[in-house]
Amino acid sequence: MSFDLTGQRVLVTAAAQGIGRASAEAFVRAGASVLATDLNESGLATLTGCDTARLDVLNAASVAQVCAQAGPVDVLFNCAGFVHGGTVLDCTEDELDFAFDLNVKSMIRMVQAVLPGMVDRGSGAIINMSSVASSVKGVPNRCVYSTTKAAVLGLTKSIAADYVASGIRCNAICPGTVQSPSLDDRLAATGDYDTARADFIARQPLGRIAEASEIADLAVYLAAATYTTGQAHCIDGGWAL
Ligand code: NAD
């Protein structure tokens, strides 16, 4: 895929590794001016072609400061998120609060920081990272995660509806299983990496786990695609079929 984002300022959260990193790299290839942000500064340091900034999306002051220094943001990719494993009986109040803070409230913080500028300029694209494990599909042992990712879809549609007349588009990406450092951690945490990996592959009808670069291509498309808004864009190897 080839899109020209020359002249566009793109801010990506969670860009030190995984899908966020692949997306920062893809936005650079598309010609955008990219601000790649993450908690993990050593991971950011190995990115090339981007501006980088330490940003903890849980911290409202940090969000306000980094967004103010970013300059006018044309495209916001809210990628930060975390997988809580377990059923509805397996989560504490603290785990629930953390999951909603990182997976949902952080996106609201970021949008509140950049949306007024987009509205002033009459254009902008917001991309929120959701998952097929959300309101799209029930997935075992992903109760809190799926609940937060379903909230991301509600947030996405709400922003899209409120700001469509202001020239703002807001879409969500719903991946299936994607190769990333945290996926490897989750597979290793089962105690049998190879069997867990085979099980994850088996649930993808296309017969493989996605590469982060494939999701990054969709993020670039959503930045460039001027006639889509308010949609949950599934990219899941047929998992939700
Ligand atoms: P990952 O989980 O391997 O990396 C996450 C990154 O987020 C890390 O660089 C980490 O430092 C950063 N981070 C964590 N807390 C942060 C904070 N408070 N502020 C800023 N950055 C923070 O990456 P991934 O697996 O590609 O996941 C990225 C997103 O994609 C998440 O929202 C995840 O839920 C979603 N997703 C992933 C998959 C998958 O299979 N990997 C599938 C569907 C959706």
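Because the structure is predicted, anything quoted here is derived from the model rather than measured.

Enquirer: What is the right way to look at the site of the ligand in this model?
Expert: Around the ligand lies a shell of 29 residues, among which Gln17, Asp38, Val178, Ser180 and Ser182 are the nearest. The separation between an oxygen atom of the ligand and a polar main-chain atom of Ile19 is 2.8 Å. For the ligand, a nitrogen atom lies 3.4 Å from a polar atom in the backbone of Leu55. The protein chains hide 91% of the 840 Å² of surface that the ligand would expose on its own. Here the ligand occupies the largest pocket. Taken together, the elements giving at least two residues each to the shell around the ligand come down to helix H1 (18-29), helix H5 (143-163) and helix H6 (181-189). The element best represented in the shell around the ligand is H6, accounting for three residues. In terms of residue class, the shell around the ligand is made up of 15 nonpolar, 10 polar and four charged.

Enquirer: Honestly, the pattern of salt bridges in this entry has me stumped. Any pointers?
Expert: A side chain of one charge can pair with a side chain of the opposite charge when the charged atoms of the two come close. In total, this model carries six salt bridges according to the counting rule given. We note a salt bridge from Arg54 to Glu41, for which the minimum N-O separation is 3.9 Å. One end of the pair, Arg54, is in strand S3 (residues 51-54); the other, Glu41, is in helix H2 (residues 41-45), and 13 residues separate them in sequence. With its nearest N and O atoms 3.8 Å apart, the salt bridge here joins Arg197 to Asp184. Of the two residues, Arg197 sits in helix H7 (residues 193-202) while Asp184 sits in helix H6, which places them 13 residues apart along the sequence.

Enquirer: I'm lost on the layout of surface pockets in this one. Help?
Expert: Rolling a probe over the atoms, with the probe sized like a water molecule, indicates the empty space that remains. Looking at the largest pocket, its volume works out to about 980 Å³. Secondary structure elements with two or more residues in the lining of the largest pocket: H1, strand S2 (33-38), helix H4 (93-121), H5 and H6. The dominant element in the lining of the largest pocket, judged by the number of residues it contributes, is H6, at four residues. Class assignment of the residues belonging to the lining of the largest pocket gives a composition of 23 nonpolar, 13 polar and six charged. The volume enclosed by the second largest pocket comes to roughly 220 Å³. Taken together, 16 residues line the second largest pocket, and the ones lying closest to its centre are Ser123, Gly124, Gly167, Arg169 and Thr226. Across the lining of the second largest pocket, the residue classes break down as seven nonpolar, seven polar and two charged.

Enquirer: When you look at the side chain of Ser106 in this model, what are you seeing that I'm missing?
Expert: Mapped onto the secondary structure, Ser106 falls in helix H4. A polar contact is formed between the side chain of Ser106 and the backbone oxygen of Leu102, at a distance of 2.7 Å. Contacts of Ser106, omitting those with residues within four sequence positions, involve Val57 and Asp101.

About the thresholds
Residues numbered from 1 in each chain as written. Predicted model: local features only at pLDDT ≥ 70, side-chain atom pairs only at ≥ 80, totals over all residues. Heavy atoms only, no water. Near = heavy atom within 4 Å. Polar contact = N/O pair within 3.5 Å; in protein donor to acceptor, adjacent residues only side chain to side chain. Areas by Shrake-Rupley, 256 points an atom, 1.4 Å probe, with all protein chains shown as cover. 1 Å grid on protein atoms, 1.4 Å probe; cavity = no way out; pocket = protein on both sides within 12 Å on 5 of 7 lines; lining within 4 Å. Sits in = over half its atoms within 2 Å of the grid points. Helix = DSSP H or I, 4+ residues; strand = E, 2+ residues; numbered from the N terminus. Nonpolar A, V, L, I, M, F, W, Y, C, P; charged D, E, K, R; others polar. Salt bridge = Lys/Arg side-chain N within 4 Å of Asp/Glu carboxyl O. Points joined across faces, edges and corners; volume = space filled by probe spheres on them. Contact = heavy atoms within 4.5 Å.

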